[in-house]
Amino acid sequence: MGAGSRPPLTIDHQLQGFIDAFSGPLLLQLAAWLAEAGDVLGRTVLALPWILWLLLRGQIAALLHLLGGLGAITLANALFRQLSLGTTLDTSTIDYPSELISASVVLSGLMAAYVSETLASRFRAIAYWIAILVSLAMGLACLLLDIAWFSGLVGGALLGLTLCAFIRVSYHFFAVQPPARPPWIPLGLASLMLGMARIVWLPPA
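Only a predicted model underlies this, so the values are computations on that prediction, with no experimental measurement involved. Position labels on residues start from 1 in each chain and follow its written sequence. In keeping with the model being predicted, local features are shown solely for residues with a pLDDT of at least 70 and side-chain atom pairs are shown and tallied solely at 80 or more, while totals for entire chains, interfaces and linings include all residues. Based on all heavy atoms of the structure, the side-chain values leave hydrogens and waters out of the count.

**With respect to the packing of helix α3 (residues 40–56) against helix α4 (residues 60–83)**
For step 1, the next point in the chain: Each axis is a line fitted through C-alpha atoms, taken for helices only over the stretch in contact, and angles between the N-to-C directions span 0 to 180 degrees. Put simply, DSSP H or I for four residues or longer makes a helix, DSSP E for two residues or longer makes a strand, and each gets a number counted from the N terminus. Between α3 and α4, the least distance of the axes is 9 Å, while the angle of their chain directions is 160°. Here α3 lies roughly antiparallel to α4, going by the angle between them. Seen along the crossing, α3 lies across α4 with a hand that is left-handed. In this structure, α3 contributes Arg-43, Ala-47, Ile-51, Leu-54 and Leu-55 to the contact, and α4 contributes Ala-62, Leu-63, Leu-66, Leu-67, Leu-70 and Thr-74.
For step 2, the next point in the chain: Under the grouping applied here, Gly and all other residues not named as nonpolar or charged are polar, the nonpolar ones being Ala, Val, Leu, Ile, Met, Phe, Trp, Tyr, Cys and Pro and the charged ones Asp, Glu, Lys and Arg. Looking at the contact of α3 with α4 residue by residue, the class counts come to nine nonpolar, one polar and one charged. What sets the label is the angle itself: under 35 degrees gives roughly parallel, over 145 gives roughly antiparallel, 65 to 115 gives roughly perpendicular, and the rest give oblique. In this scheme the handedness of a crossing depends on how the near helix is turned from the far one: anticlockwise by less than a right angle means left-handed, clockwise means right-handed. Contact between two residues is taken to exist if any of their heavy atoms lie within 4.5 Å; hydrogens are not considered.

This is the structure we're talking about:
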């Protein structure tokens, strides 16, 4: 692994060897771009168009819960880093659980949940599949870059899903108006362009 540390589980070592066998310059570059898009700065710019739209449409409950989710997952990852100090999981480059995957699950999951509420029932699964694919791509990027173990990805995904569940329960308790249907294609394109600008012009956070 990148930090010279020992994987906590046998499956981590086996899967990392499999991933390393297929890694190449192009995949590593794509993985690096994904990691930059998924760090704190990247998540901020990706969420910015949605935050502004929610604010302009008066969707205060959704806005506060989205911001709360991003803040909560940042605090949770910081807490786990503190708990790992002095243990075998205390490394300089590897998060356990994975911060990138947990934050990706929270951000994409909350957006998918909000968008799906405004879609016809036969289209709702599309929003969740997009969130799943985004999280899977982020997880693969973490493995390619040696910044996470597979078990850390699983832990990060579980942490993100647990937080998403609590936030969704809270949202439905406090929401006083039905969700407005977002222009998800323009918002998605705006997030994509901002994410690309962050990768090109701003250094890794």
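**A short note on a nonpolar patch on the surface**
For step 1, the next point in the chain: Exposure above 30% relative accessible area and no salt bridge define the residues that can form patches, which grow by joining like charges within 9 Å and nonpolar side chains of Val, Leu, Ile, Met, Phe, Trp and Tyr within 5 Å. Using a 1.4 Å probe, the Shrake-Rupley method yields the accessible areas, and only the shown protein chains count as cover for residues. Salt-bridge detection follows one rule: a side-chain nitrogen of Lys or Arg within 4 Å of a carboxyl oxygen of Asp or Glu. A cluster of nonpolar side chains, contributed by Trp-184, Ile-185, Leu-189, Leu-192, Met-193 and Met-196, occupies part of the molecular surface with about 640 Å² of accessible area.
For step 2, the next point in the chain: Here Met-193 is to be found in helix α8 (residues 184–201).
For step 3, the next point in the chain: Residue burial is assigned from relative accessible area. The probe radius is 1.4 Å, only protein chains are included, and a residue is buried under 20% of its type maximum, exposed over 50%, and partly exposed in between. Taking the relative accessible area as the measure of exposure, Met-193 reaches 55% and is therefore exposed.

**Details of the packing of α4 against helix α5 (residues 99–117)**
For step 1, the next point in the chain: Interaxial distance between α4 and α5 falls to 10 Å at its minimum, and their mutual angle equals 165°. Classified by the angle between their axes, α4 and α5 sit roughly antiparallel to one another. Of the two elements, α4 crosses α5, and the hand of that crossing is right-handed. Residues Ala-62, His-65, Leu-66, Gly-69, Leu-70, Ile-73, Asn-77 and Arg-81 of α4 lie in contact with α5, whose contacting residues are Glu-99, Ser-102, Ala-103, Val-106, Leu-107, Leu-110 and Tyr-114.
For step 2, the next point in the chain: By residue class, the composition of the contact of α4 with α5 is nine nonpolar, four polar and two charged.

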